[in-house]
Structures are given as structure tokens and as C-alpha cells.
Amino acid sequence: MKSYYIYTYGCQMNIADSERLAHQLESVGYAPTEDVNSADLILLNTCAVRELAETKVYSRIGELKHLKAKNKNLIIGITGCMAQKNQAEMFKKAPHIDIVLGTHNIQHINEMIVEVQRTHKHQINVDMDNTVLQELVAKPNGTFFASVPIMNGCNKFCTYCIVPHVRGREISRPVEAIVKEVTELGAKGFKEITLLGQNVNSYGLDFKDGTDFGTLITTLDGIPGIERVRYMTSHPQDMTKSMIDALGASSNVVTQLHLPIQSGSNDILKKMNRHYTVEHYKELLEYCRKTIKDIVVTTDIIVGFPGESDDDFEQTLQLLKDVRFDMAYTFSYSKRSGTPAATMDAQVDEEVKRVRLQQLMDIQNEISLEINKTMEGKTYDIIVEGPSSKDENMWFGRTSGSKMVLFPKDESLKIGDTVIAYIDKAQTWVCYGTIVK
Ligand code: SAH
Ligand code: SF4
Ligand code: F3S
């Protein structure tokens, strides 16, 4: 039997795609292996969102070269956003790879493998002309938590971002297909699903029949077995009050919202082609906090976007203090060729970016800790996810708001159990608790 190994980089969308690649490979007889050195097929499902993401992949591809020397029949394939972005260039940089497969073509992986075996030549498919999303079966990584893509692509074209260029235009999956998948997951014992899209708030708009994210959320309420519905990512321009009402009214949607703001300066937001203001963002958030009790809010912020002045940056710091996010994912602006920001004037010095990023993280960490401290002495429902990666004697689960709670391993608990945790001690990133029921 032939074996495969998949490296997955980037966002949850790629994790979901890897699950779909895995299913296809297994349907023609490949079996997964934990040992990349013995694999007959290695896929790197890649990300191109920042330069560092690409650097990591190229260095991994380099490391795999010696395996190819050992095993002439080894097939190495590059899939995902970097494959889509760099296309045949990938073969020039690394002639020992066999397959370059773009984001719209993962349904063709098995044909590509057969072609490599037949011709011993490079195979590439980076067409982007799909107008409907292929319904592909996934091989979920676990048995309780599953991600469910509801759309692919992005129409926003933020000026720094490569995603619309490598994922194409927004295409939504029909409501019925999503309901069918979620219903099957619930029947198999899955408890928590995450609906995925680059901008879930524009879900369904391409159908032009009145379907939107709010109607999807309402339809997914009450599917047997599904205790929690997560969703990401939300966009401040497209998230409407009626969607927030639907989220608040649902019995299984979680109390978590990831709402990237990117900058606290309206001037920078404009240059980023993010069509909202800080004032609009704050108003939206206020409505969310009013409608969804105890909602945990996280965000993304980029520092050092071209033209970001000290004053612009100060406004971002002030925003953190005003809004008080539970957590912020902070990034240093990374030039992506082909995007408008890459050629904008006033690129910010790397050292300035580094200092700003540190300042931002210091302030946010303090806020995260203060917020988490308010959880001490309270109880939360968590679903047990298993051993922590750092210490196998400590297990963890997440609250509805997605806060990680660590607790001593307890033989009576199984992965997937929903239990009540009492929070003994909170830290910046995690809480420590005791299972009370
Ligand atoms: N669709 C989501 C997230 C896309 S990528 C959204 O609109 O929010 C995830 C995050 O990466 C973005 O929110 C942004 O903060 C960051 N990002 C994207 N392109 C970047 C770049 N060129 N440099 C630095 N950070 C970037
Ligand atoms: Fe990128 Fe903007 Fe689309 Fe998000 S909304 S994927 S940041 S272009
Ligand atoms: Fe990266 Fe593609 Fe996701 S660029 S962040 S893997 S959509």
C-alpha cells in the first residue's frame, strides 16, 4: 500500500482543503503515514499571505530533496495559495517537485498523480475558471470538531492582501449542501463545527436570491448533535445588524467573534481599501456586545502599512485601549508583489515595524490578562479536546468564547465530553481550571 504525508500551512481554509485532499488520496488506496521519510507521496498545502509563509515552504521543499534522491518514485506536490501564486515558477526554483496544483483544482489531485507516474514530467493545473464550488468529501482530522467551508475566495481586494489573487472571486456553497454536511457530521457524533470563509458576512450574496449569512445561521440552528457553531472570518463592512440578531438568537452559535479591524486610523483603513471607519467598527461591536452576552472578541491588526505615521500608529494603540479585545493577532506588514500596497510610497522601515509590533503586543497582552483575570472564580462549559501539546498530563478544552482551559488529566474524561470547568487561575493566553462536573 502506498503512503502519503501532507504538510499544511496557512489558515483554516487550507486545513479544510487538506482534509479534502486526504479523502481523495485514500479513495484510491493511499494510507496516511506519520513518517515523512517513508512516504510515497508528499503534499505541501501552502500559504502565501506573508513572505515568511513562502520562505518556510521553500526551505521545507529544499529539505525534501534528499528523499527524492533515495526514492525515485517519490512524488512531491505543491498545492494551495503559493502554488496558485507562483505557478510554473515553482518548478524553476525547485525542479524536484512534480506537481503544482492551484486552489481551484484540488479535485484533480489523483489524475495529476497518475500523469506523473505515466510521464515522469512536471504536472501543473492552476486554472481559476470555476464558477461553482466542487462538493468534495473531507476526511476530518478528529471526531468531534470539524470545519465546514461555506465559500471560497474574496471580492474585497484589500490593498495589502494576496488572498483574492490566489483564491479567486467569492463562490458560496448552496445552503442545502452545507446543511447536508452539518447534519451528517452531527449524526456521526461531531459536536462543534466551524463555518469557514474569508468573509463569511458576504456568504450567499452571489446567489442574488436574498440568501445571506444570517439566513444560513438560522437554518443551521437546532441540527441534532451540533452543540457549537463557530464561524470565521467576519468583515466590519459586510456584517449587518440583522446578521448579529441571527447570531444572537441561535441556540448553538458560540459567544466568539473574530472581527479584524487592521488599523485604528481611518486614513490607513482608506489606503487599505477597507471600506469602513473606526467609528463604524465601534458601533458594530457595541451592537454585538449588547446582542450576544459575554461575547469574546478578537481581531487582526497590521502594523507598518505603507504611509503609517507615528500618529496613525498611536490611533491603533488608542483603539486597543478603547475597544479592549480579548486577543489580537498582530502582523508586521509584508509586501506581496502584485498587490497595490507593494508599490505605494512611504514603505515603513523594518525596524520601525518591529518596534511598533512589540509595543502593540505589550499593550494587548496586558489587556488580555486583565480580561482573563475576570474569569477566575467562575465556571464555564468546555468541550474536552485532549492533551495539551506542551504537557501530556495536562488536558484542555475550550469555552464557547474559545478560551483555552487547561486542567490535570482525568481518566474519567474522554475527548469530546462537555463538562463544567471552574477557573482557578488565568494567564494571558490560557486559563487553568478544575473540572467540577
Ligand atoms: N479574510 C480575513 C483574513 C485574511 S488573512 C480578513 O479579511 O480579515 C489573515 C490576516 O493576515 C489579515 O486579517 C491581515 O491582518 C493579515 N495580512 C494579510 N495580508 C497581509 C500582509 N501583506 N502583510 C501582513 N499581514 C497581512
Ligand atoms: Fe484579504 Fe481583505 Fe479579503 Fe480578508 S477581506 S481575505 S484581508 S482581501
Ligand atoms: Fe494563506 Fe491562502 Fe489562507 S494565502 S491565509 S492559506 S487563503
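Scoring rules and cut-offs
Residues numbered from 1 in each chain as written. Chains lettered and ligands numbered in written order. Predicted model: local features only at pLDDT ≥ 70, side-chain atom pairs only at ≥ 80, totals over all residues. Heavy atoms only, no water. Pairing = 2+ DSSP bridges. Helix = DSSP H or I, 4+ residues; strand = E, 2+ residues; numbered from the N terminus. Axes fitted to C-alpha atoms, helices over the stretch in contact; angles between N-to-C directions. Contact = heavy atoms within 4.5 Å. Buried < 20%, exposed > 50% of the residue type's maximum accessible area, 1.4 Å probe, protein only. Right-handed = clockwise from strand over helix to strand, strands pointing away.

The sheet built from three strands is open, its strands ordered β7-β10-β11 with parallel pairing. A single partner strand is all that each edge strand has here, and the edge strands are β7 (145–149) and β11 (228–232). In this sheet, neighbouring strand axes are inclined to one another by 25° on average, regardless of whether the strands run parallel or antiparallel. Judged from the five bridges that link them, β7 and strand β10 (residues 192–196) form a sheet pairing that is parallel. Bridge pairing in β10 links V148 to L195. Strands in contact with helix α1 (residues 12–27) are β7, β10 and β11; relative to β7, the strand with the most contacts, it is inclined by about 100°. Along the sheet face, helix α8 (residues 175–187) touches β7 and β10 and points at about 170° away from the line of β7.

This brings us to unusual backbone geometry. Of the consecutive residues M232 and T233, the connecting peptide bond is found in the cis state with omega at 10°. Relative to the helices and strands, T233 is located in the loop between β11 and α10 (241–249). One non-glycine residue, K208, lies in the positive phi region at around 55°. Of note, K208 is situated in the loop between β10 and α9 (213–219). You can call K208 exposed: its relative accessible area is 74%.

Looking now at the pairing of β10. In terms of burial, β10 is a largely internal element, five of the five residues being buried. Burial along β10 is two-sided: E192, T194 and L196 and I193 and L195, pointing in opposite directions, are all buried. You can see the chain leave β10, run along α9 and come back into β11, and the turn it takes is right-handed.

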